[in-house]
Amino acid sequence: MDGFVVSGGRMREDIRIVRSRRKTISIQIDENLQITVRAPLRMSEAALEAFIEERSEWIEKNLEKMRRRQEETRPEPEEILTLEQIRALAKEAAKYIPERVSYYAELTGITYGRITIRSQRSRWGSCSSTGNLNFNCLLMLTPPEIIDYVVVHELCHRLEMNHSDYFWDEVERVMPDYKKRRKWLKTNGEKIMRRMTAD
């Protein structure tokens, strides 16, 4: 492999000069807006300066284009929920989720204990060994079919407390498309969780 030498350009401090045993000269701008000029080992500094000067307009134009593109694709910061909003979600969840638990429990013949609504930053739901079910109030920020998936998931833990093949077979028996719902939650769940205040 040909060796190369990296030196700082005199023309402008933000340009990285890479010399190697190549015959042509090229210029590129990466996603971090780093400008790199790749040049032959024997190319003079004057020729390098002339090359960069000739392409100065191209450099500025493409730098600006990439900056605009980055601004357009930068995700909006998630709106942090206020305490009042969290309480409203918890109140809504306390009314809605038990109805869905009751529906699926009757459908499957699975029994359960107490239902508790919590505001959590890491879990969507849980099931205790005594059959008590806990659900995150942030579920109210997800589509109804996702809430149903979490309800079925926790009810099936009444049959199997771990995530064995038997457990997933039971989930699938009740909800054949559970994988699609689980994927949605994995893809979007973290963004929703981040809306919970760190206080």
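Please refer to the structure higher up on the page.
Because the structure is predicted, anything quoted here is derived from the model rather than measured.

(A) Fine view of helix 5 (residues 165-174). Of all the residues in helix 5, the buried ones are Phe 167, Trp 168, Glu 170, Val 171 and Val 174. Axial view of helix 5: buried residues confined to an arc of 155 degrees, hence all on one face. Away from its buried face by more than 90 degrees, helix 5 exposes Asp 165 and Arg 173. At its buried positions, helix 5 is contacted by helix 3 (83-108), helix 4 (144-156) and helix 6 (178-193).

(B) A look at the sheet that holds strand 7 (residues 133-136). If you trace the 3 strands from one edge of the open sheet to the other, you get 5-7-6, paired in mixed fashion. Only two strands of the sheet have a single neighbouring strand rather than two, namely strand 5 (115-118) and strand 6 (125-127). Strand-to-strand twist across the sheet, computed as the mean angle between neighbouring axes with direction ignored, equals 15 degrees. Sheet strands touched by helix 3: strand 5 and strand 7. Its angle to strand 5, the strand with the most contacts, is close to 145 degrees.

(C) A look at helix 6. Here helix 6 is 16 residues long and its end C-alpha atoms lie 21 Å apart, about the 22 Å a rise of 1.5 Å per residue gives. Its axis deflected by about 40 degrees at Thr 187, helix 6 carries its strongest bend there. Among the structural elements, strand 7, helix 4 and helix 5 are those in contact with the buried residues of helix 6.

Cut-offs applied
Residues numbered from 1 in each chain as written. Predicted model: local features only at pLDDT ≥ 70, side-chain atom pairs only at ≥ 80, totals over all residues. Heavy atoms only, no water. Buried < 20%, exposed > 50% of the residue type's maximum accessible area, 1.4 Å probe, protein only. Helix = DSSP H or I, 4+ residues; strand = E, 2+ residues; numbered from the N terminus. Arc of directions from axis to C-beta. Contact = heavy atoms within 4.5 Å. Pairing = 2+ DSSP bridges. Axes fitted to C-alpha atoms, helices over the stretch in contact; angles between N-to-C directions. Expected span 1.5 Å × (residues − 1). Bend = angle between axes of the 7 residues up to and from the residue.

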